[in-house]
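Chain by chain, the residues:
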Amino acid sequence: MITILFVCVHNSGRSQMAEALLNFAAHERGLSVRATSAGTAGGKELNPIARQAMDELDISMSHQSPKLLTDEMVRQADRIVSMGCGVDAEACPARFVLTEDWGLDDPAGQPIETVRAIRDAIAIRVQMLLDELDQ
């Protein structure tokens, strides 16, 4: 099983959508890949607009909740992807762990149209990542 860890600052939007999208797509493709997610600062709850955007794709995030990044999560991950550091450069995951950064905008406080665009950008990158892992 390959484990992908998606990390952002609050773990309430981008990394949660990436976790859900990757787990859904890997299952659909029959791949032995799973995603987890965490935040360097951790949030209190999922972004409700991000949940709405995922519900539109019939991919539920109801079982997910923000988690604080731990050393154990980093050790267990085969690959770590940070989602972008525009929210809080001091808490940027790339400062703490070697990662690839997808440089995505933060959906916090954004209208549904913007969150949909972020979701769709994540979905494209997730598919590309799974294509790479499926070779």
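Anything mentioned here points back to the structure above.
Residues numbered from 1 in each chain as written. Predicted model: local features only at pLDDT ≥ 70, side-chain atom pairs only at ≥ 80, totals over all residues. Heavy atoms only, no water.

**Considerations on the side chain of N47**
Link 1 in the chain: Topologically, N47 is positioned in the loop between β2 (33-39) and α2 (48-55).
Link 2 in the chain: Taking relative accessible area as the criterion, N47 reaches 11% and is therefore assigned buried.
Link 3 in the chain: Look past the residues within four positions of N47 in its chain and what remains in contact with it is S12, G13, P107 and A108. (Helix = DSSP H or I, 4+ residues; strand = E, 2+ residues; numbered from the N terminus. Buried < 20%, exposed > 50% of the residue type's maximum accessible area, 1.4 Å probe, protein only. Contact = heavy atoms within 4.5 Å.)

**Regarding the pairing of β2**
Link 1 in the chain: With 5 of 7 residues buried, β2 lies mostly within the body of the structure.
Link 2 in the chain: The pairing of strand β1 (residues 2-8) with β2 spans 7 bridges and is classified as parallel. Residue pairing for β2: F6 is matched across the bridge by S37. (Pairing = 2+ DSSP bridges.)

**Comments concerning the sheet that holds strand β3 (residues 79-82)**
Link 1 in the chain: Overall, parallel pairing links the 4 strands, which are arranged β2-β1-β3-β4 in an open sheet. Strands with a single pairing partner mark the edges of an open sheet, and in this sheet they are β2 and β4 (100-101).
Link 2 in the chain: Pairing geometry for β1 and β3, over 4 bridges, is parallel. The residue of β3 that forms the bridge with I4 is R79.
Link 3 in the chain: Strand contacts of helix α1 (residues 14-29): β1 and β2, with the helix running at about 170° to β2, the strand carrying the most contacts.
Link 4 in the chain: Across the sheet, helix α4 (residues 112-133) lies against β1, β2 and β3, angled at about 155° from β1, the strand it touches most. (Axes fitted to C-alpha atoms, helices over the stretch in contact; angles between N-to-C directions.)

**A closer look at the pattern of salt bridges**
Oppositely charged side chains can form a pair if their charged atoms are brought close together.
Link 1 in the chain: Applying the stated criterion to the full structure yields 8 salt bridges.
Link 2 in the chain: Among the ionic pairs, E132 bridges to R79, the shortest N-O distance being 2.7 Å. Of this pair, E132 sits in helix α4 while R79 sits in strand β3, and the two are 53 residues apart along the sequence.
Link 3 in the chain: As a salt-bridge pair, R119 and D120 come within 2.9 Å of each other at their nearest N and O atoms.
Link 4 in the chain: A residue is classified by how much of its surface remains accessible, and R119, at 6% relative accessible area, is buried.
Link 5 in the chain: The structure contains a network of salt bridges with shared partners spanning E56, R116, R119 and D120. (Salt bridge = Lys/Arg side-chain N within 4 Å of Asp/Glu carboxyl O.)

**Re the nonpolar core**
Link 1 in the chain: Counting 30 residues, the largest nonpolar core has F6, L22, M83, W102 and I122 as the members making the most contacts within it.
Link 2 in the chain: Within the second largest apolar cluster, 6 residues are counted, among which are L5, A38, A77 and I80. (Core = buried A, V, L, I, M, F, W, Y, C linked by side-chain atoms within 4.5 Å.)

**Side note on unusual backbone geometry**
Link 1 in the chain: Phi at N11 is positive, roughly 55°, even though this residue is not glycine.
Link 2 in the chain: You can see N11 is positioned in the loop between β1 and α1.
Link 3 in the chain: Phi is positive for D58, which is not a glycine, with a value near 60°.
Link 4 in the chain: We classify D58 as exposed; its relative accessible area is 69%.

**Comments concerning the environment of E100**
Link 1 in the chain: Position of E100 among the secondary structure elements: in strand β4.
Link 2 in the chain: In this structure, the C-alpha to C-alpha distance between E100 and I80, residues 20 residues apart in sequence, is 6.7 Å.
Link 3 in the chain: Residues contacting E100, with those up to four places away along its chain left out, are R79, I80, V81 and S82.

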